[in-house]
Amino acid sequence: MRDINQFTITEAVKKTFKTEPGSRFEQLLRGFIDHLHDYTRENNVTHAEWMGILNFLYDCGQISTPERHEFILLSDVIGFSALVDMINTKGGATEGSNLGPFYLDNAPRMKLGGNLSDGREGVSVLVHGRVTDSLHNPLPGAIVDTWQADASGTYPIQEQEQGQDKYDLRGVFEADEQGRYYYTTVLPKPYTVPYDGPVGRLLRAGNRHAWRAAHLHYIVRAPGMSSITTEIFFDNTEYLDNDAVFGVRKSLIAKLGPASKVDELGYSLERKPDAVCKFDFVLAPEG
Ligand code: BEZ
Ligand code: FE
């Protein structure tokens, strides 16, 4: 390895890894080295730039805590997370979108028709629809796990020090025998992703804002089907065309309608809604 130069180093580095031939690990590692070396050669990366990149990653590590994963945020704002979501969306299924950092396991089980936003201010909205397979067959018993920000764009988990319950504005619903889910909640507002760290610096350096279009988060699962992680956006919200983490897809934008015809739906609801949002989730078979 003495006769090494900027054109032979890539193969030399790859050869030093004794990975299982043909394995996925080998493929991902080799591809990463290929692309990183190509990028470095193509851009004639200087020492100062190289150290700038490494210091940026160091800063991401320094600010990360169990509650704040700056590398996920970095992945989000450069479209890496969205690309992985897009590649892994199954044909015929609802498109995937950001998990985001605020998901909590074991959110409270809620009854269909329940109200997720007990005592909270804001526009009350009925969110409803069906969970089906791609042939529109209902998936009774499907689990609809949801979490969201409040009417000021804050997740209660962000305000635990101010006495908020971290499980507020979260709930797990079980679809009925027709695959239907329905509940009321408050309309969330747009909010900013955290921008007080290195990722914020990156956004400012690129003259970008940190706002996300208002959305509801979901994980939907049913036996024998691939679960989906996705978001619903509202057609009247800001930032649909420039969501900071590239989460919006046309198919995930739901129309927000008046609640005038809500009685015709025949749901028994805990709270009277001011608006209605309908969204059907489609799951693809596992495998
Ligand atoms: C969210 O949707 O909750 C989120 C996504 C990316 C960064 C921060 C928050
Ligand atoms: Fe969110």
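So, here is what we can say about the structure in this document.

What counts and how
- Residues numbered from 1 in each chain as written.
- Chains lettered and ligands numbered in written order.
- Predicted model: local features only at pLDDT ≥ 70, side-chain atom pairs only at ≥ 80, totals over all residues.
- Heavy atoms only, no water.
- Axes fitted to C-alpha atoms, helices over the stretch in contact; angles between N-to-C directions.
- Helix = DSSP H or I, 4+ residues; strand = E, 2+ residues; numbered from the N terminus.
- Parallel < 35°, antiparallel > 145°, perpendicular 65-115°, else oblique.
- Left-handed = near helix turned anticlockwise from the far one by under 90°.
- Contact = heavy atoms within 4.5 Å.
- Nonpolar A, V, L, I, M, F, W, Y, C, P; charged D, E, K, R; others polar.
- Near = heavy atom within 4 Å.
- Polar contact = N/O pair within 3.5 Å; in protein donor to acceptor, adjacent residues only side chain to side chain.
- Patch = residues over 30% accessible without salt bridge, like charges linked within 9 Å, V, L, I, M, F, W, Y side chains within 5 Å.
- Areas by Shrake-Rupley, 256 points an atom, 1.4 Å probe, with all protein chains shown as cover.
- Salt bridge = Lys/Arg side-chain N within 4 Å of Asp/Glu carboxyl O.
- Donors = N, O, S within 2.8 Å, 3.2 Å for Na, K, Ca; no water.
- Tetrahedral: all angles 85-135°; square planar, octahedral: opposite > 155°, others 65-115°.
- Buried < 20%, exposed > 50% of the residue type's maximum accessible area, 1.4 Å probe, protein only.
- Phe/Tyr/Trp six-rings, centres within 6.5 Å; stacked < 30°, edge-to-face > 60°.
- Pairing = 2+ DSSP bridges.

Between helix H1 (residues 9–16) and helix H2 (residues 24–42), whose axes approach to 10 Å, the crossing angle comes to 155°. Judged by the inter-axis angle, H1 sits roughly antiparallel to H2. Seen along the crossing, H1 lies across H2 with a hand that is right-handed. Here Ile9, Thr10, Val13 and Lys14 of H1 come into contact with H2, specifically with Arg30, Ile33, Asp34, His37 and Arg41. A per-class count over the contact of H1 with H2 returns three nonpolar, two polar and four charged.

With respect to spatial proximity, 13 residues lie near ligand 1, and among them Asp76, Tyr191, Arg212, His215 and His217 are the closest. Tyr155 places a polar side-chain atom, nitrogen or oxygen, 3.2 Å from an oxygen atom of ligand 1. Contact distances for ligand 1 include 3.1 Å between an oxygen atom and a side-chain N or O atom of His215. In the shell around ligand 1, the residues fall into seven nonpolar, three polar and three charged.

Moving on, we come to a nonpolar patch on the surface. A cluster of nonpolar side chains, contributed by Phe32, Leu36, Tyr39, Trp50, Met51, Ile53, Leu54, Leu57 and Phe71, occupies part of the molecular surface with about 840 Å² of accessible area. Residue assignment for the nonpolar patch shows that the elements contributing at least two residues are H2 and helix H3 (47–63). For the nonpolar patch, the element with the most residues is H3, which contributes five residues. In this structure, Leu57 sits in helix H3.

Looking now at the side chain of Ser23. Positionally, Ser23 belongs in the loop between H1 and H2. Only 3.1 Å separates the side chain of Ser23 from the backbone nitrogen of Glu26, close enough to count as a polar contact.

The next subject is the coordination of the iron ion (ligand 2). Tyr155 (OH), Tyr191 (OH), His215 (NE2) and His217 (NE2) make up the full set of protein donors to the iron ion (ligand 2), lying at 1.9 to 2.1 Å. Between the six donor atoms coordinating the iron ion (ligand 2), the angles at the centre fall across 56 to 166°, so the site counts as irregular. Counting the intervening residues between successive donors of the iron ion (ligand 2) yields the motif Y-x35-Y-x23-H-x1-H. Of this pair, Tyr191 sits in strand E5 (residues 191–192) while His215 sits in strand E7 (residues 215–221), placing them 24 residues apart in sequence. Each member of the pair, Tyr191 together with His215, is buried.

Taken as a whole and judged by the stated rule, the model has 14 salt bridges. When the shortest N-O distance is used, the salt bridge between Asp196 and Arg68 registers 2.9 Å. A residue pair is termed long-range when its members are at least 10 positions apart, and Asp196 in the loop between E5 and helix H6 (198–205) and Arg68 in the loop between H3 and helix H4 (70–77) qualify at 128 residues. On the basis of relative accessibility, which here comes to 59%, the residue Asp196 falls in the exposed class. Arg212 is paired through a salt bridge with Asp243; the nearest N and O atoms lie 3.0 Å apart. Of this pair, Arg212 sits in strand E6 (residues 211–212) while Asp243 sits in the loop between strand E8 (228–234) and strand E9 (253–254), and the two are 31 residues apart along the sequence. Judged by relative accessible area, which is 3%, Arg212 ranks as buried. Members of the salt-bridge network, linked through shared partners, are Glu11, Lys14 and Asp34.

Residue His136 is not a glycine yet carries a positive backbone phi of 70°. Relative to the assigned elements, His136 resides in the loop between strand E1 (124–133) and strand E2 (143–148). Judged by relative accessible area, His136 falls into the exposed class, the value being 59%. The phi torsion at Phe246 lies on the positive side, around 60°, for a residue other than glycine. You can see Phe246 is positioned in the loop between E8 and E9.

With that out of the way, let us pick up the packing of aromatic side chains. A complete count under the given rule lists ten aromatic pairs for this structure. Ring pairs connect the aromatic residues Phe173, Tyr181, Tyr183, Tyr218, Phe279 and Phe281, which therefore count as one cluster.

On to the pairing of E7. Burial of E7 is extensive: six of the seven residues sit out of reach of the surface. Two elements, E2 and E7, share six bridges in a ladder whose sense is antiparallel. Note that in E7 the partner of Val144 across the bridge is Val220. Looking at chain direction, E7 and E8 are connected through six bridges and run antiparallel. Considered in E8, the bridge of His217 is made with Glu231. Hairpin connection between E7 and E8: a loop of six residues separates the two successive antiparallel strands, and Gly224 in this loop has a positive phi of roughly 80°.

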